[in-house]
Protein chains: 2
Amino acid sequence: MNFAKPVLILMTLTSLVACAPPPGDSSATGPLVIQQQGSFAVGGKVVSTPGTYDNNQPTTAGQTFHGDHLYAFYQLPQNPKPLPIVMLHGAFQSARSWETTPDGREGFQTLFLRRGFPVYLVDQPRRGRAGNSTVAATVEPTPFDQLFFDQFRLGKWLNYFDNVQFDRKPETLDQFFRSVTPNTGPYDAGVISDAMAALFDKTGPGILFSHSQAGGPGWLTAIKSQNVKGIVALEPGSGFIFPEGELPPEMPSAAGTLSPEPVPLADFEKLTRIPIVIYYGDNFPTAPTAERGQDNWRVRLAMARLWVDAINQHGGDAQLVHLPEIGVRGNTHFLMSDLNNVEIADLVSKFLAEKHLD
Amino acid sequence: MNFAKPVLILMTLTSLVACAPPPGDSSATGPLVIQQQGSFAVGGKVVSTPGTYDNNQPTTAGQTFHGDHLYAFYQLPQNPKPLPIVMLHGAFQSARSWETTPDGREGFQTLFLRRGFPVYLVDQPRRGRAGNSTVAATVEPTPFDQLFFDQFRLGKWLNYFDNVQFDRKPETLDQFFRSVTPNTGPYDAGVISDAMAALFDKTGPGILFSHSQAGGPGWLTAIKSQNVKGIVALEPGSGFIFPEGELPPEMPSAAGTLSPEPVPLADFEKLTRIPIVIYYGDNFPTAPTAERGQDNWRVRLAMARLWVDAINQHGGDAQLVHLPEIGVRGNTHFLMSDLNNVEIADLVSKFLAEKHLD
């Protein structure tokens, strides 16, 4: 027999084998195999200025402006799972939230690619690369670093929480602060969810991951698009919607009052058709505290519990996981980039598997 | 003999073989093998507000603001070439410029990844995901679509140039217009080149691709960082720097006057140590015209020719390629996303090979 050929194949295989991490192996650190990647804008409006455009003496007359779209960057792994994951960032953030962690590890973008999901990262309308807003805004260099440190529960400035899942090197904090990017137009959950629904028209059925302020636009997206087949909400911070006539009381806190928002019952009921999970992290009490950065989350967790109850009372399938209650400690507001983000991703993967979304 | 094992290997190999496009095969369309990818901020400043921060009654007092950094997304292919390529966008744009073309094909990001280069895409300070500016700005929805159509040489609104390398489907033009994103602070070539030099400190020796307005900050980056080992400038539109005392006359045009800018001779001479190539596209005359969108490029091409001469007179290695002169026709201002962008990439690859930059 001639063994030359198999031996050659073995050698070739050796140089290739690292490029296909086994599906579902969350510890995979080899090369990523990307079937396709790219970016596009979707949704938005076109605004026109009256008058006639003069090519050689142009003013704004007779010209148009394209704005209020979102921007998405997508990657499809080889042999992708059927449902893509669309990740929507929170306030003061962009798709950057889901990329490399502040301390330089892989974020949810790459972790879930490794787990076989097509991943779409969004810059919402009027943020980041989707900066063209149909409504004007002034961008000020507002110094909020210390407020962010407190409110995003790294600690109580300038001390970190003892168990915090955040690397304490100064360059990590620098990267964290530099992930901030401003609104280029007024924040508008309707505009955002319109564009997100247009994105789900394009992607087809998929899963939505929302973070923080994106909680609200996330629910609205699922109301507007039947292609949202499940929601993973990381520390939703705004837009707790309830059926008209079923609103719980407002919740005052040291960080202001959190108000529930009414929607028609028929819209609310659309959220009862899909599995939803909400996660909150650590280092805030369930009883009122004068500590502003922590009390902000006390009321959000409390309101989210009522929200989950309301969804389930209307026949839905929602659950809330307060991570310390299951022994997962030290998480900041940024669950997806915390030091234990692989553990968080594992919890999410388990949810997706249970709900047949993977 | 038992052939079970080799057969199994063959089957495994079949499922893997597509994941490694042959290096240097510019027509490769198979999966991308990414060794590593991620993002970070680099450069910038920290601004402090006087006073004492009160955690529970926060104002801006005693807080800091991180801004004026750039944002970079990078991908390293398997078996990368030694020099990464850093791509810097032009005015009204972001890293989006280098991604998917408006008609949905691969842009320079993925094309050059396929050719084995590590690729870094930048959102410059005060743009896109690097929106935190230390100086305030107002963002207005200025309707400029028709002006862009003319000035970026798609045609003379609303007619396309006959030979234009731009797909004429309405959805392509829609994507093109939606790649626009505004400044979130005053444009400042010094701020941009400071951050770019910090990026090259991080990447080590590399190649800079600049587009349009990035031409100027590109030269300044190479003056500030010895790690810039070559520059590919696509239709530089601003920042034509000459040694003090050697400035050519200003060049009036139907789109305004283009003025050369003085720099110390010692700085200018730093640009004579690296190979530089400049490309301009089609559909503008070399004699004055009343057509604003075209005359804008007449003076830029003329100034770029003088600039190349000045670099070479000082012992440098610069060249200018006016694409129609070598038979490459129909290119807009966006050479890297035109219909013939693979042909443009081939020209660039040839330059990089000739200069031993690949």
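On a predicted model such as this, the values are computed, not experimentally measured, just so you know.

How each quantity is defined
- Residues numbered from 1 in each chain as written.
- Chains lettered and ligands numbered in written order.
- Predicted model: local features only at pLDDT ≥ 70, side-chain atom pairs only at ≥ 80, totals over all residues.
- Heavy atoms only, no water.
- Helix = DSSP H or I, 4+ residues; strand = E, 2+ residues; numbered from the N terminus.
- Rg over C-alpha atoms; globule rule 2.2 N^0.38 Å.
- Buried < 20%, exposed > 50% of the residue type's maximum accessible area, 1.4 Å probe, protein only.
- Contact = heavy atoms within 4.5 Å.
- 1 Å grid on protein atoms, 1.4 Å probe; cavity = no way out; pocket = protein on both sides within 12 Å on 5 of 7 lines; lining within 4 Å.
- Points joined across faces, edges and corners; volume = space filled by probe spheres on them.
- Nonpolar A, V, L, I, M, F, W, Y, C, P; charged D, E, K, R; others polar.
- Salt bridge = Lys/Arg side-chain N within 4 Å of Asp/Glu carboxyl O.
- Expected span 1.5 Å × (residues − 1).
- Buried area = accessible area lost by both parts, 1.4 Å probe.
- Polar contact = N/O pair within 3.5 Å; in protein donor to acceptor, adjacent residues only side chain to side chain.
- UniProt positions renumbered as here; feature names shortened; annotations may be inferred.
- pLDDT = per-residue confidence, 0-100.
- Least-squares fit on C-alpha atoms with pLDDT ≥ 70 in both.
- Core = buried A, V, L, I, M, F, W, Y, C linked by side-chain atoms within 4.5 Å.

(A) The arrangement of the overall build of chain A in detail. A count of helices and strands for chain A gives nine helices and 15 strands. In terms of overall size, chain A behaves like a compact globule, its C-alpha atoms giving a radius of gyration of 22 Å where 358 residues would be expected to give roughly 21 Å. By its C-alpha atoms, chain A is 80 × 65 × 45 Å across when sized along the principal axes. Every one of the 358 residues in chain A was classed for burial, and the buried ones make up 61%.

(B) Structural view of helix 4 (residues 170–177) of chain A. Along helix 4 of chain A, the positions that sit buried rather than exposed are A:Thr172, A:Leu173, A:Gln175, A:Phe176 and A:Phe177. Tucked into the core, helix 4 of chain A has its buried residues touching helix 3 (145–151) and strand 9 (159–160) of chain A together with strand 1 (32–42) and strand 3 (64–67) of chain B.

(C) Highlighting the layout of surface pockets. Its boundaries defined by the atoms lining it, the largest pocket holds a volume of some 410 Å³. Taken together, 25 residues form the lining of the largest pocket, with A:Phe40, A:Tyr74, A:Lys202, B:Thr100 and B:Gly104 sitting closest to its centre. For the lining of the largest pocket, the elements supplying multiple residues, two or more each, are strand 1 (32–42) and strand 4 (70–77) of chain A together with helix 4 (170–177) of chain B. The element best represented in the lining of the largest pocket is strand 1 of chain A, accounting for six residues. Its residues placed into classes, the lining of the largest pocket shows seven nonpolar, ten polar and eight charged.

(D) Representation of the pattern of salt bridges. The tally for this structure, following the rule as stated, stands at 34 salt bridges over all chains. Here A:Asp295 and A:Arg298 are joined by a salt bridge, their closest N and O atoms 2.6 Å apart. Of this pair, A:Asp295 and A:Arg298 both sit in helix 8 (residues 292–313), separated by three residues, roughly a single helical turn. Each of the two residues, A:Asp295 as well as A:Arg298, counts as buried. As a salt-bridge pair, B:Asp267 and B:Lys270 come within 3.6 Å of each other at their nearest N and O atoms. Highlighted residues: B:Asp267 and B:Lys270, both in helix 7 (residues 265–270), separated by three residues, approximately one helical turn. Residue class for B:Asp267 comes out partly exposed when judged on its relative accessible area of 22%. Owing to a relative accessible area of 29%, B:Lys270 belongs among the partly exposed residues under this scheme. Salt bridges sharing partners connect three or more residues here, namely A:Lys45, A:Asp68 and A:Arg126.

(E) Expanded view of helix 8 of chain A. All names here are of chain A. Look at helix 8: 32 Å from first C-alpha to last across 22 residues, which is about the 32 Å you get at 1.5 Å a residue. Summarising burial for helix 8: 16 of the 22 residues are buried, a large majority. Positioned one or two residues after helix 8, glycine 315 has a phi angle of 90°, which is positive.

(F) A look at the interface of chain B and chain A. Listed by partner, the interface residues are 86 residues for chain B and 84 residues for chain A. The largest contributions to the chain B side of the interface with chain A come from B:Arg129, B:Pro143 and B:Arg178, which together make up 12% of the buried area. The salt bridge partner of B:Asp123 is A:Arg129, with a shortest N-O separation of 3.0 Å. Taken together, chain B and chain A are joined by 68 residue pairs in polar contact (both at pLDDT 80 or more). Looking at which element gives the most residues to the side of chain B that touches chain A, the answer is strand 1 of chain B, with nine residues. Tallied by class, the residues present in the side of chain B that touches chain A amount to 39 nonpolar, 34 polar and 13 charged.

(G) Quick look at the UniProt feature "domain: AB hydrolase-1" (unreviewed entry) in chain A. Within this structure's numbering, the places UniProt gives as "domain: AB hydrolase-1" (unreviewed entry) are residues 85–302 of chain A. Across residues 85–302 of chain A, helical content stands at 29% and strand content at 19%; the span's end C-alpha atoms are separated by 27 Å.

(H) Expanded view of the confidence of the model for chain A. Confidence along chain A averages 93 in pLDDT terms, with 92% of residues attaining 70 or more. Below pLDDT 50 for its whole length, residues 1–27 of chain A participates in 33 contacts with residues either more than four positions away or in separate chains.

(I) Summary view of the relation of the copies chain B and chain A. Mapping chain B onto chain A calls for a rotation angle of 180° and an axial translation of 0.0 Å; the resulting RMSD is 0.0 Å. Interpreted geometrically, this transformation is the action of a two-fold axis.

(J) Quick peek at the side chain of A:His89. Residues and elements named next belong to chain A. Topologically, histidine 89 is positioned in the loop between strand 5 (85–88) and helix 2 (108–114). Exposure remark for histidine 89: the relative accessible area of 0% places this residue in the buried category. In terms of polar contacts, histidine 89 uses its side chain to reach the backbone amide nitrogen of glutamine 124, at 3.0 Å. Among residues more than four places away in sequence, those in contact with histidine 89 are Ser94, Ala95, Ser97, Trp98, Val122, Asp123, Gln124, Arg127, His211 and Ala214.

(K) Up close: the nonpolar core. Within the largest apolar cluster, 92 residues are counted, with the highest numbers of intra-cluster contacts made by A:Phe112 and B:Phe112. When neighbours within four sequence positions are excluded, B:Phe112 is seen to be in contact with B:Ile85, B:Met87, B:Phe117, B:Val119, B:Phe209, B:Ala345, B:Val348, B:Ser349 and B:Leu352. Residues A:Phe40, A:Ala233, A:Phe242 and A:Phe268 belong to the second largest nonpolar core, which totals 49 residues.

(L) Structural context of unusual backbone geometry. Here the bond from A:Trp157 into A:Leu158 is cis, since omega is 0°, no more than 30 degrees from zero. The residue A:Leu158 is located in the loop between strand 8 (155–156) and strand 9 in this model. In this model, A:Asn79 sits at a positive phi of 50°, which is unusual for a non-glycine residue. The exposure class assigned to A:Asn79 is exposed, which follows from its relative accessible area of 67%. The backbone of B:Asn283 sits at a positive phi, close to 70°, despite the residue not being glycine. For B:Asn283, the location among the structural elements is in the loop between strand 14 (275–280) and helix 8 (292–313).

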